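Overview (structure and organization)
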Amino acid sequence: MKKSDSGGSSAPRAEELRKEIDHHSYRYHVLDDPEVADAEYDALMGELIALEEANPSLVVPESPTQRIGAPPSGLFDPVEHPTRMMSLDNCFSLEELLAWGARVEKGIGLPDSYVTELKMDGVAVNLVYRDGRLDTGATRGDGRTGEDITSNLKTIASIPLRLRGEPLTVLEVRGEVFMPLRDFAKVNEGLEERGERLFSNPRNAAAGSLRQKDPKVTSQRNLALIIHGVGRAEGVRFRTHSEALEAVRGWGLRTNSENRRLADLDEVYRFCSHWAEHRHDVDYEIDGIVTKVDSIAQQDELGFTSKAPRWAIAYKFPPEERTTHLNDIQVHIGRTGAATPFARLEPVFVGGVTVSTATLHNEDEVARKDVRIGDTVIVRRAGDVIPEVVGPVPSLRTGDERLFSMPKTCPSCGSDIVRPEGESVARCVGIDCPSQRIERIFHFAARGGMDIEGLGYQTIYALITKGFLEDPGDIYSLSKDQLLELEGFAEKSASNLSEGIEKSKKRPLANLLIALSIFHVGSAAAEELAAEAGSLERLQEMSYEDLVAMEGIGPVIAASAITFFSQERNIEVLDKLRRAGVNTKGERRDRSGPLEGQTFVLTGSLEHYSRQEAQAAIENRGGRVTSSVSKKTGYVVAGESPGSKLDKAESLGIEILDEAAFEELLGS
Ligand SMILES: [Zn+2]
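The sections below set out a description of the structure shown in this document.

Procedures and definitions
Here the residue numbers are simple positions, counted from 1 along each chain's written sequence. For a predicted model such as this one, the threshold for reporting local features is a pLDDT of at least 70, and the threshold for listing and counting side-chain atom pairs is 80 or more; totals across whole chains, interfaces and linings nevertheless cover every residue. By convention in this description, side-chain values take in all heavy atoms of the structure and omit both hydrogens and water. DSSP-based pairing: two strands are paired if at least 2 bridges between them are found. Numbering of helices and strands runs from the N terminus, with a helix taken as a DSSP run of H or I at least four residues long and a strand as a DSSP run of E at least two residues long. The contact criterion used throughout is that any non-hydrogen atoms of two residues lie within 4.5 Å. Note on definitions: angles span 0 to 180 degrees between N-to-C directions of axes, and those axes are lines fitted to C-alpha atoms, for helices only across the stretch in contact. For this analysis, a ring pair means two rings from Phe, Tyr or Trp (six-membered ring only for Trp) whose centres lie within 6.5 Å, classed as stacked if their planes differ by under 30 degrees, edge-to-face if by over 60, and tilted for the remaining angles. With a 1.4 Å probe rolled over the protein chains alone, any residue whose accessible area is under 20% of its type maximum counts as buried; one over 50% counts as exposed, and the rest are partly exposed. A donor here means an N, O or S atom no more than 2.8 Å from the metal, or no more than 3.2 Å when the metal is Na, K or Ca. Since water is not included, a site may seem to lack partners. Angle rules define the geometry names used: all angles between 85 and 135 degrees makes four donors tetrahedral, while opposite donors over 155 degrees apart and all other angles between 65 and 115 make four donors square planar and six octahedral, leaving every other case irregular. Directions are taken from the helix axis to each C-beta atom, and the arc is the one they span. A side-chain nitrogen of Lys or Arg and a carboxyl oxygen of Asp or Glu constitute a salt bridge if their distance falls within 4 Å. Throughout, the term roughly parallel applies to angles under 35 degrees, roughly antiparallel to angles over 145, roughly perpendicular to angles from 65 to 115, and oblique to all others. Each helix crossing is assigned a hand: it is left-handed if the near helix lies turned anticlockwise from the far helix by less than a right angle, otherwise right-handed if that turn is clockwise. In this count, Pro and Cys sit with the nonpolar residues alongside Ala, Val, Leu, Ile, Met, Phe, Trp and Tyr, while Asp, Glu, Lys and Arg are called charged and the others, Gly among them, polar.

Digging into the sheet that holds strand β9 (residues 260-262)
In space, the five strands of this open sheet follow the order β2-β11-β10-β3-β9, with mixed pairing throughout. Each edge of the open sheet is held by one strand with a lone partner, namely β2 (90-91) and β9. Two elements, strand β3 (residues 114-120) and β9, share three bridges in a ladder whose sense is antiparallel. Across the sheet, residue Thr116 finds its bridge partner in β9, namely Arg260. Against the sheet, helix α8 (residues 241-250) touches β3, β9 and β10 (286-293), its axis set at about 55 degrees to β3. Set on the sheet, helix α9 (residues 265-278) makes contact with β3, β9, β10 and β11 (312-316); between it and β3 the angle comes to about 15 degrees.

Overview of the packing of aromatic side chains
Applying the stated criterion across every chain yields a total of ten aromatic pairs. Taking 6.4 Å as the distance between ring centres and 75 degrees as the angle between the ring planes, the aromatic pair formed by Phe238 and Trp251 counts as edge-to-face. One end of the pair, Phe238, is in the loop between β8 (224-233) and α8; the other, Trp251, is in the loop between α8 and β9, with 13 residues separating them in the sequence. Classification of Phe238 by relative accessible area gives buried; the value is 13%. We classify Trp251 as buried; its relative accessible area is 10%. Pairing Tyr609 with Phe662 gives two aromatic rings, centres 5.6 Å apart and planes at 70 degrees, and the pair type is edge-to-face. Highlighted residues: Tyr609 in the loop between β19 (599-603) and α22 (611-620) and Phe662 in helix α24 (residues 659-667), separated in sequence by 53 residues. No difference in accessibility class separates Tyr609 from Phe662, as the two residues are buried.

Structural notes on the coordination of the zinc ion
Bound to the zinc ion on the protein side are Cys410 (SG), Cys413 (SG), Cys428 (SG) and Cys433 (SG), at distances that span 2.2 to 2.4 Å. Around the zinc ion, the four donor atoms are arranged such that angles at the metal cover 97 to 115 degrees; this shape is classified as tetrahedral. Expressed as a motif, the donor residue spacing for the zinc ion is C-x2-C-x14-C-x4-C. With a gap of 23 residues between them, Cys410 in the loop between β16 (388-392) and β17 (417-418) and Cys433 in the loop between β18 (426-428) and α12 (434-445) connect regions that are remote in the sequence. Under the relative-accessibility criterion, Cys410 is labelled buried at 3%.

Points about helix α6 (residues 202-210)
The complete set of buried residues in α6 reads Pro202, Ala205, Ala206, Ser209 and Leu210. Along the axis of α6, the buried residues cluster in a sector spanning 125 degrees; they form a single face. The inward-facing, buried residues of α6 contact β4 (123-130), α4 (150-153), β7 (170-178), α5 (181-193) and α7 (215-219).

Some remarks on the pattern of salt bridges
All told, the structure shown has 42 salt bridges when counted by the stated rule. The partner of Lys186 in a salt bridge is Asp183, with the nearest N and O atoms 3.7 Å apart. With Lys186 and Asp183 both in helix α5, this residue pair falls three residues apart, about one helical turn. Put simply, Glu388 and Lys369 hold a salt bridge, and the shortest N to O gap is 3.6 Å. Here Lys369 lies in helix α11 (residues 363-369) and Glu388 lies in strand β16, a separation of 19 residues in the sequence. Looking at Lys369, the relative accessible area reads 12%, which means it is buried.

Brief notes about the packing of α12 against helix α13 (residues 457-465)
Working note: a packed helix pair is described by the angle between its axes plus the distance between those axes. Where α12 contacts α13, the two axes come as close as 10 Å, and the packing angle between them is 130 degrees. The angle between the axes of α12 and α13 places the two elements in the oblique class. Of the two possible hands of crossing, α12 and α13 adopt the one that is right-handed. Residues Arg437, Ile438, Glu439, Ile441 and Phe442 of α12 touch α13, and the partners they reach there are Tyr457, Ile460, Tyr461 and Ile464. Residue composition of the contact of α12 with α13, grouped by class: seven nonpolar, no polar and two charged.

In structure tokens:
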């Protein structure tokens, strides 16, 4: 491709494309009213990317191609907000809301109007635009200083990198970043498939996604931003809050279309009671209504208390709770054997869904809440997708209620359920527990693992019941005749499943490692193990020392992997997989370099290197860093105030390097 330094005649076209893309992005993400099909948008973006790649000098920070440009950062720098972000006073009933209104009207007489806004249950952020370009985006923090999350915010499509219209020298706006409910469900599905911890509600998901060290992850989370206030707008004087929001919309930022300008408290009251009943009509979580006095002059007249403005109040919806009958407390055995008590409820409609089971977390929780079988219980679903039992209604007890105790044996396999001293989780210890087996095979075949299409829960259950499946290794010796024996299976579905099984043999090593359900090994650890070991065979041979030397593999994961690979039964399963032709090889990370084959131990602190930097310097040259000294250790690098590792190295006669010698070795 021809490169040109100045960009030359491509510059006007790039600017044109940026404008066009910004415009369509605004129509789509802010107005929710796209003018062009996705494919057309993609074509414009493709042209701009190609143009910028050919002429790197054309790339400007506000280009739509730069939304995911920033590299991962370890820490978020503190950033001071131009104007303080106040919090609002809360009230928890409509009576209190009316009392607030009465205070306002006593203070300034009847306000010209009120503005009511849906209170998004998200993460508060502050954006600063300078000369129309996004300069910084930060979390709220303590209201004066937040954390700089600009790179992550730039990935959110409803945040323009460049404002529309005449640019102000400084514009500061605040709003709420949130995750739409449909995206929340999708994110959790993905996490579940990978065997990772789920987000308990959309707000946690938004916060977790915003604080990702890698903006790429944030960009995949489909966050959105709604602006609800202006901090500073250099050179502009608004008469009303609603006028400010209108201007914000004109600049290309998204505001909430459900906001209303209302004449009096009666209307405010009706608005609030309407939304308390209809909070699930929108595709995001709201937890209340914010009411503000619209006129800025009247706001100024009312002023502030020490904590909050007098001209605004947040009415918080009551959490959604219903009472129902607790029919039974049962125990679910997960794939690691964890026995989790859960409530079987008389179905009840709460928080927009019908709930018939609710988690009770663990044995201690049941005791702490004093929930008994047969109780009338309060069930809550406040933001949380997983409903929970808040507690019993003791006044409704008849005396027939029974206390729950963790069963001594597994309901599925009859093995002991054991709860180790000091742990909150009880586990079934049976090696052949059908419940664990179903969960593990299901996990093995799930999308994050071997991704075997057509091998769902029902089919696995049926195959186990027929005696065709004992462990994941058996999947690959299932015959078509066996599949045809299953209820609901015909020629077509059987051959589809066979095909899916065959295809899964080519899955990457990391996915195979995820699929194996090695305790504590999630996707990140699996990727690391695969890249370092390069093959399942090599991984099986690795020592604890080898494992903890890897980035991101701590003692817990290492010990768990060692235990896993030392079980005869597991080795059998792995052999079965290998014999069936399942891929056990991966791309091994390149370890060649001048320090290849050398093992280092670091102790004490170095002047010019952090621990991570020293480790990276060694690894980049092909060496390895382990955590403890043994005869196999090549060098011990000793900095200021070294620990007992130095003594051990001396006693074993291992070469010890001070910082200068270490640097010399790196340089050679
Ligand atoms: Zn069991």
